[in-house]
Amino acid sequence: MGSDRDEAAEAGTVVTPSAEFPPLGDEERAALGRIGERWRGPRRADDLPVDPTLGRRDHQPAPTRFGRLAPIDMFTVAQPDELVATGAADLPAGRAGRAATRLRRALVGPPLSSASMLYERMRKLVALPVLSSDLLSSVAYGPEAMLVVLVLAGSAALGLALPLAAVLVVLMVAVGLSYRQTIPAYPHGAGSYIVAGDNLGRTPGLAAAAGLMLDYVLTVSVSVAAGVHAVTSALPGLSAWAVPLGVLVIVVLLAGNLRGVRTAGNIFVLPTYAFVVVLVAVLVVGYAKAAARGFAPVPPPSVPAAEGLGLLLVLRAFSSGAVSMTGIEAVSNAVPAFRPTEWRNARTTLGWMVAMLVALFTGLVGLIHLDGLVPRADETLLSQLGRVTFPSGPWYAILQATTALILLLAANTAFNGFPRLLFFMARDGHAPRRFLHMGDRLAFSNGLVALALTAAVVFVAFGGHTERLIPLYAVGVFLAFTLSQTGMVVHWRRRRGPGWRRRLAVNAVGAALSGLVLLTAAVAKFTEGAWVVVLAVPLLVLLFRRIHSHYDRLHRALALHPPPPAHPPPPAEGDELPQQVRHLVVVPVARLNRASLRALAYATSLGRPTLAVHLAPEEAEADRFRDQWRAWGDHLRLETIVSPYRSVIGPLAHYLEALHAASPDLTLTVIVPEVVLRRRRYRLLHSRAEQRLRAALRALPGVVVTSVPVHVS
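Residues numbered from 1 in each chain as written. Predicted model: local features only at pLDDT ≥ 70, side-chain atom pairs only at ≥ 80, totals over all residues. Heavy atoms only, no water.

Student: How should the pattern of salt bridges be read in this particular structure?
Tutor: Pairing is possible between side chains that carry opposite charge, provided their charged atoms lie close to one another. Evaluated as defined, the whole model comprises 6 salt bridges. For R293, the salt bridge is made with D371, and the minimal N-O distance between the two is 3.2 Å. Placement of the pair is R293 in the loop between α10 (261–292) and α11 (311–321) and D371 in the loop between α13 (342–370) and α14 (381–389), with a sequence separation of 78 residues. Judged by relative accessible area, which is 32%, R293 ranks as partly exposed. Overall, D371 belongs to the buried group, its relative accessible area being 11%. (Salt bridge = Lys/Arg side-chain N within 4 Å of Asp/Glu carboxyl O. Helix = DSSP H or I, 4+ residues; strand = E, 2+ residues; numbered from the N terminus. Buried < 20%, exposed > 50% of the residue type's maximum accessible area, 1.4 Å probe, protein only.)

Student: How should I be thinking about a nonpolar patch on the surface in this particular structure?
Tutor: Nonpolar side chains collect at one region of the surface, where F526, W531, V532, V534, L535 and L539 lie side by side and expose about 530 Å² of accessible area between them. For V534, the location among the structural elements is in helix α20 (residues 526–558). (Patch = residues over 30% accessible without salt bridge, like charges linked within 9 Å, V, L, I, M, F, W, Y side chains within 5 Å. Areas by Shrake-Rupley, 256 points an atom, 1.4 Å probe, with all protein chains shown as cover.)

Student: Quick question: what am I supposed to make of the sheet that holds strand β4 (residues 610–616) here?
Tutor: Strand-to-strand pairing in sheets goes through backbone hydrogen bonds, with the strands running parallel or antiparallel. As summarised here, the arrangement of the 5 strands in space is β5-β4-β3-β6-β7, forming an open sheet in which the pairing is parallel. The two strands at the open ends of the sheet, each matched to only one other strand, are β5 (637–642) and β7 (703–712). Taking the axes of each pair of neighbouring strands and ignoring which way they run, one obtains an average angle of 30° across the sheet. Bridging between strand β3 (residues 582–588) and strand β6 (residues 666–677) involves 5 bridges; their strand directions are parallel. Looking across to β6, one finds that V585 is bridged to T669. Packed onto the sheet, helix α21 (residues 594–605) meets β3, β4, β6 and β7 and runs at close to 135° relative to β7. (Pairing = 2+ DSSP bridges. Axes fitted to C-alpha atoms, helices over the stretch in contact; angles between N-to-C directions. Contact = heavy atoms within 4.5 Å.)

Student: Explain α21 here, please?
Tutor: Because an α-helix completes one turn every 3.6 residues, residues spaced three or four positions apart along the sequence face the same direction. For α21, built from 12 residues, the straight-helix expectation of 16 Å at 1.5 Å per residue is met to within 8% by its first-to-last C-alpha distance of 16 Å. Listed as buried for α21 are A595, S596, A599, L600 and A603. The buried residues of α21 occupy an angular sector of 135° when the element is viewed end-on, so they sit on one face. Pointing more than 90 degrees away from the buried face of α21 are the exposed residues R594 and S605. In this structure, the buried residues of α21 make contact with β3, β4, α22 (619–632), β6 and β7. Between a side-chain oxygen at the N-terminus of α21 and the backbone nitrogen of A595 the separation is 3.2 Å; the capping residue is N593. (Expected span 1.5 Å × (residues − 1). Arc of directions from axis to C-beta. Polar contact = N/O pair within 3.5 Å; in protein donor to acceptor, adjacent residues only side chain to side chain.)

Student: Can you help me understand the environment of Q400 in this one?
Tutor: Here Q400 lies in helix α15 (residues 395–409). When its relative accessible area of 30% is taken as the criterion, Q400 is described as partly exposed.

Student: Any chance you could explain the side chain of T610 here in plain terms?
Tutor: Structurally, T610 is set in strand β4. Overall, the relative accessible area of 13% leaves T610 in the buried class. In this structure the side chain of T610 is engaged in a polar contact, spanning 2.9 Å, whose partner is the backbone oxygen of R608.

Student: Would you explain a positive patch on the surface in this entry?
Tutor: Residues R95, R678, R679 and R681 make up a contiguous surface patch of positive charge. Taking the relative accessible area as the measure of exposure, R681 reaches 59% and is therefore exposed. (Lys, Arg positive; Asp, Glu negative; His and termini not counted. Charge placed at Lys NZ, Arg CZ, Asp CG, Glu CD.)

Student: What's the story with the packing of helix α6 (residues 161–185) against helix α19 (residues 500–524) in this structure? I'm lost.
Tutor: Packed helices, taken two at a time, are described by their axes: the angle between them and the distance between them. Orientation of α6 relative to α19, taken along the N-to-C sense of each, is 130°, at an axis distance of 9 Å. Taken together, the axis directions place α6 and α19 in an arrangement best described as oblique. Crossing hand, α6 versus α19: left-handed. Facing α6, whose interface residues are V170, L171, A174, V175, L177, S178 and Q181, α19 presents R503, V506, N507, V509, G510, L513, S514 and V517. (Parallel < 35°, antiparallel > 145°, perpendicular 65-115°, else oblique. Left-handed = near helix turned anticlockwise from the far one by under 90°.)

Student: Mind showing me how you'd approach the packing of aromatic side chains here?
Tutor: For any pair of aromatic rings, geometry is given as the distance between the ring centres together with the angle between the planes. One pass over the full model with this rule turns up 8 aromatic pairs. Measuring from centroid to centroid gives 4.9 Å for F423 and F444, while their planes differ by 40°, and the two rings are tilted. Of this pair, F423 sits in helix α16 (residues 411–427) while F444 sits in the loop between α16 and α17 (445–461), and the two are 21 residues apart along the sequence. Relative accessible area serves as the criterion here: at 6%, F444 is assigned to the buried category. A ring pair is formed by F478 and F481, whose centres lie 5.0 Å apart and whose planes are at 80°; its orientation type is edge-to-face. Linking F478 with F481, this pair stays in helix α18 (residues 470–495), spanning 3 residues, or about one helical turn. When its relative accessible area of 0% is taken as the criterion, F481 is described as buried. Following the ring pairs from residue to residue traces out a cluster consisting of Y179, F478 and F481. A cation over a ring is seen here: R503 above W492, with NZ or CZ 5.6 Å from the ring centre. (Phe/Tyr/Trp six-rings, centres within 6.5 Å; stacked < 30°, edge-to-face > 60°. Lys NZ or Arg CZ within 6 Å of the ring centre and 35° of its normal.)

Student: Looking at this structure, how should I read the pairing of β4?
Tutor: Each regular strand carries side chains that alternate between the two faces of the sheet. Within β4, 7 of the 7 residues are buried, which leaves it mostly tucked inside the rest of the structure. Residues T610, A612, H614 and A616 point to one face of β4 and L611, V613 and L615 to the other, with burial holding for every one of them. As judged from the 4 bridges shared by β3 and β4, these two strands associate in the parallel manner. Each residue of the ladder has a partner; that of V586, found in β4, is L611.

Student: Would you take a moment to explain the confidence of the model for the protein for this structure?
Tutor: Note: predicted coordinates in regions of low pLDDT should not be interpreted at a detailed level. Looking at the protein as a whole, its pLDDT mean stands at 80, while 84% of the residues score no less than 70. The secondary-structure element of the protein with the lowest mean pLDDT is helix α1 (residues 2–11), recorded at 41, while α17 shows the highest, at 92. Throughout residues 1–13 the model reports pLDDT below 50, and contacts reaching past four residues in sequence, or to other chains, amount to 20 contacts. Note that pLDDT drops below 50 for residues 65–72; the model gives that stretch 20 contacts with residues more than four away or on any other chain. (pLDDT = per-residue confidence, 0-100.)

Listed below in structure tokens is the structure:
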């Protein structure tokens, strides 16, 4: 383990704003040097007509009609050849843009500098409630989920709750120890996805990621539904507003997490700790009452058997109780979110979480057994336990309030884990690269929004009643557990460091128990909804692989290669040296006015061969335009195309394609005059033909489209 710690300290974290800009590989750097040796530009690199440092220390620029922000010092000189943009540079010029910026900053706060990354990380006391809200909230329904299955065999079968709880505790400890070993071995985070991918292969890693993603989405939708149900049970008048209330809760959670990890942690600290304190009070008072009667169990009410007691029912009860472990992997996903030393703080936090989970789960199961409580349709077991423990006073109301609040905030664990999982997948090219981007508050804004939208759609689609989605929990999360721990078994077999057999044994026990839960849940609950996950996981894996194939093709197409030989000439889009680029500048001209003359002047100033093209709907108009062209002076070659069907974009695009086909090594630079209007309401009065032309030419290889704006006040 010592070597793992050293490697962890050296590896550090890969979660930085620079992840969007991966460095060049050794081969690409070598190719870049070879290309640079042959590069011949038209002038020296420092021969520029304007000072690139903007001369901020010498004078202030004057405002213009279109740049009212010009007097603001938007850049500072950090060092030679480097400018640093200030916060003012991000402010839009328009009133609507400024209003939207003010609203966004009121909701999520002012933007944070990239240098604040370390400051935004979590300390252990904040990370514990942020990452454990899902795990700890599951004790509110995990024991009941197990007893609901056992009671189908009658009240006599409830005696199996204690041995099943003992096995579940073994599973909790085994999985917890496994992830404690995973954290220093993989300090960069991502948990099951990275572990399974590194040790079992790409497809198992993607399967683990798919299971976790489904679990995160279900965590948000089901937790919000459970919390809203608790609120509407206490306030029946709000039942008709259950769906809007749930969507509002998701929006609030999204806004809180968009404010950044540290701020979100400060928001969600108190409710989680309050729930733990109240549950501890219930256990202390409940066991004190049980001790007063000599720990004699209260006989449970008689419940007739609806099913026979068999192995399948016991396994179903075991897998149902295992939902108490959802969220245990959150810490391993969020290792880079901790303050240094990241892996050590994360491992300590995970130890606290598992200890609290075991204590609360075993305490609740034992107290429910001692008090002789059985599941009821009209009241949860935790509510029954609260009434028995606190028959008078405000404690029962406090228990219900904190339970409802922790169920609502349990979704926050998913808001922390889902965007980070997408970040690591996007870094490997298995998810869209936009999920690498950090927002204003150094949070993964795109991932947060994606989770909120997906969970809201699921919540609304099921009308706020997502009980049917609960059976899907165990399949997705235990698929990730099984693959992760199996991957760690392979990891220890490969590494064979000191104590590797003991660590391998711990992971093997966890993998076996997790696999048993996975198999049981998939088979026993297949018709109850588990088939959705069984079908969704391979579809998601296929989607991830297709995304990776696209990025792989894109990388091969854009990667730097050695310069091609001089003969034959390279295709236009393969040009890497300025002397290899052969230009033809084409200027579409509809009519001779100030906009078209400015475009022609700009094209001629480039010093490249220039061709003007005019499309006329009939011969008479073509003759009139040629007469105007001669009156202007016939300074450039003009090609007139008659379009008898009066279309412009199609014939022009096909003409340019034909030009390129006639000389494939030629780069066509199409310069389009574009009228820019100050008032957006006037845009509907114009055809915007330049935008349609740009869209039509974008698909043509070897064609560069640029605009020459003409501003009209």
